[in-house]
Amino acid sequence: MGCCNSKSGGDSSANRIARWRSTGIVALRDSKLRALPSEVLVVDSFVRTLDLTNNKINEVTQEISRLVNMQRLVLADNLIESLPTTIGVLRCLKVLILDGNRVTNLPDELGSLYRLERLSITGNSLICLPKNIGDLHNLLLLNVSNNKLKSLPQSIGGCVSLEELQANGNFIDELPPSVCNLLHLKFLSLNNNTIRQLPQNLLKDCKALQNVSLHDNPISMDQFQQMEGFEEFEARRKKKYDKQIDSNVMMNSAGLDEGLDLR
């Protein structure tokens, strides 16, 4: 495993370990690492946040399971191709960020992270999501944009707390009907896919939905407007943005980004 060489006596390995134990935060972004430093494992149960953004790590060691109390794991912008099955041991994990890597598949053990609230794995090479992703009942945000997904699993309807789903820049042509079970879903973004139609009851059943973005898909505006529940959806959308105007919040003017961009 890699290690961090002390650049000065003021930041010796002992000092770093003491600091990490005290704060629970291990911040090692932009450190030119090729592996998880062994000294991080020494801190084990004290680690709450591990940030390894923008390194050259190509493999996550199975020993990461020793960080049993970790709540935030940020591995963005590395060379990672897969996660170890031991990731499922990290039952305290609430945030997992894997943006900008080379991941093609996620292990089934991901479904054991029942406290997970935010999962972002944009800009990878995912070809599918685990079938048991629906076991993530506390997930609030799922962002799988810019991958190679052709579909989302039917089990996604089990992510009953989900508020934001982003799957832009994939090859998805339809959504599973179970998406209609996401009663807390507020934001759905599926730009740049091949979607021709949405589940018939999406707008009717997802009564919290306020924003649907479908830029660069073959679905038509007429199809969307004819869906049952469209008028209620439109009322929610307008109410949300009226509130933003009242609060002097800057908005873009990209047509129906808050709806559809259709040609």
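Residues numbered from 1 in each chain as written. Predicted model: local features only at pLDDT ≥ 70, side-chain atom pairs only at ≥ 80, totals over all residues. Heavy atoms only, no water.

As recorded in an unreviewed UniProt entry, the chain goes by Disease resistance R13L4/SHOC-2-like LRR domain-containing protein and comes from Ensete ventricosum.

This part is about the overall build of the chain. Along the backbone of the chain there are five helices and nine strands. Listed by position from the N terminus, the elements making up the chain come as α-β-α-β-β-β-β-β-β-β-α-β-α-α. A buried classification covers 48% of the 263 residues belonging to the chain. When contacts within the chain are restricted to residue pairs at least 6 apart in sequence, those whose partners lie at least 24 apart make up 35%. Of the roughly 12900 Å² of accessible surface on the chain, a fraction of 46% belongs to carbon and sulfur atoms. (Helix = DSSP H or I, 4+ residues; strand = E, 2+ residues; numbered from the N terminus. Buried < 20%, exposed > 50% of the residue type's maximum accessible area, 1.4 Å probe, protein only. Contact = heavy atoms within 4.5 Å. Areas by Shrake-Rupley, 256 points an atom, 1.4 Å probe, with all protein chains shown as cover.)

Looking at the element boundaries, threonine 122 is found in the loop between strand S5 (118-120) and strand S6 (141-143). Sequence-distant contacts of threonine 122, defined by excluding residues within four places in its chain, comprise Leu98, Asp99, Gly100, Asn143, Ser145, Asn146 and Asn147.

Before going further, it helps to spend a moment on the environment of aspartate 216. Residue position: aspartate 216 is located in the loop between strand S9 (211-213) and helix H4 (221-225). Along the chain, aspartate 216 and isoleucine 195 lie 21 residues apart, while their C-alpha atoms are 9.0 Å from each other.

Below, the discussion takes up the sheet that holds strand S2 (residues 49-51). Overall, parallel pairing links the nine strands, which are arranged S1-S2-S3-S4-S5-S6-S7-S8-S9 in an open sheet. Because the sheet does not close on itself, it has two edges, and the strands there are strand S1 (25-27) and S9. Each adjacent strand pair in this sheet contributes to an overall mean axis angle of 5 degrees, direction not counted. Sheet topology places strand S3 (residues 72-74) next to strand S4 (residues 95-97); three bridges connect them, and they run parallel. The residue bridging valine 74 from the neighbouring strand is isoleucine 97, located in S4. (Pairing = 2+ DSSP bridges. Axes fitted to C-alpha atoms, helices over the stretch in contact; angles between N-to-C directions.)

Topologically, aspartate 99 is positioned in the loop between S4 and S5. There is no salt bridge for the buried aspartate 99, and the closest opposite charge comes from arginine 118, which lies 8.4 Å off by N-O distance. Side chain to side chain, aspartate 99 and serine 120 meet in a polar contact 2.8 Å long. Among the polar contacts made by the side chain of aspartate 99, one reaches the main-chain amide nitrogen of threonine 122 at a distance of 2.8 Å. Setting aside its immediate chain neighbours within four residues, aspartate 99 contacts Leu75, Ala76, Asp77, Ser120, Ile121, Thr122 and Asn124. (Lys, Arg positive; Asp, Glu negative; His and termini not counted. Salt bridge = Lys/Arg side-chain N within 4 Å of Asp/Glu carboxyl O. Polar contact = N/O pair within 3.5 Å; in protein donor to acceptor, adjacent residues only side chain to side chain.)

To continue, consider unusual backbone geometry. Here the phi dihedral of aspartate 44 falls at roughly 25 degrees; this positive angle occurs in a residue that is not glycine. Along the chain, aspartate 44 falls in the loop between helix H2 (38-43) and S2. Given a relative accessible area of 22%, aspartate 44 falls into the partly exposed group.

This part covers the environment of asparagine 201. Secondary-structure assignment places asparagine 201 in the loop between strand S8 (187-189) and helix H3 (202-205). Sequence separation of asparagine 201 and asparagine 181 is 20 residues, and the distance between their C-alpha atoms is 9.7 Å. For asparagine 201, the residues in contact, after removing those within four places along its chain, are Cys180 and Cys206.

This paragraph deals with the pattern of salt bridges. A complete count under the given rule lists six salt bridges for this structure. In this structure, arginine 16 engages glutamate 39 in a salt bridge whose closest nitrogen and oxygen atoms are separated by 3.1 Å. With arginine 16 in helix H1 (residues 13-23) and glutamate 39 in helix H2, this pair connects stretches of sequence that are 23 residues apart. With respect to burial, arginine 16 and glutamate 39 carry one shared label: buried. Notably, a salt bridge pairs glutamate 234 with arginine 237, separated by 2.7 Å at the nearest N-O pair. Of this pair, glutamate 234 and arginine 237 both sit in helix H5 (residues 230-246), three residues apart, which is roughly one turn of that helix. Each member of the pair, glutamate 234 as well as arginine 237, is classed as buried. One network of salt bridges, in which partners are shared, links Glu234, Arg237 and Lys238.

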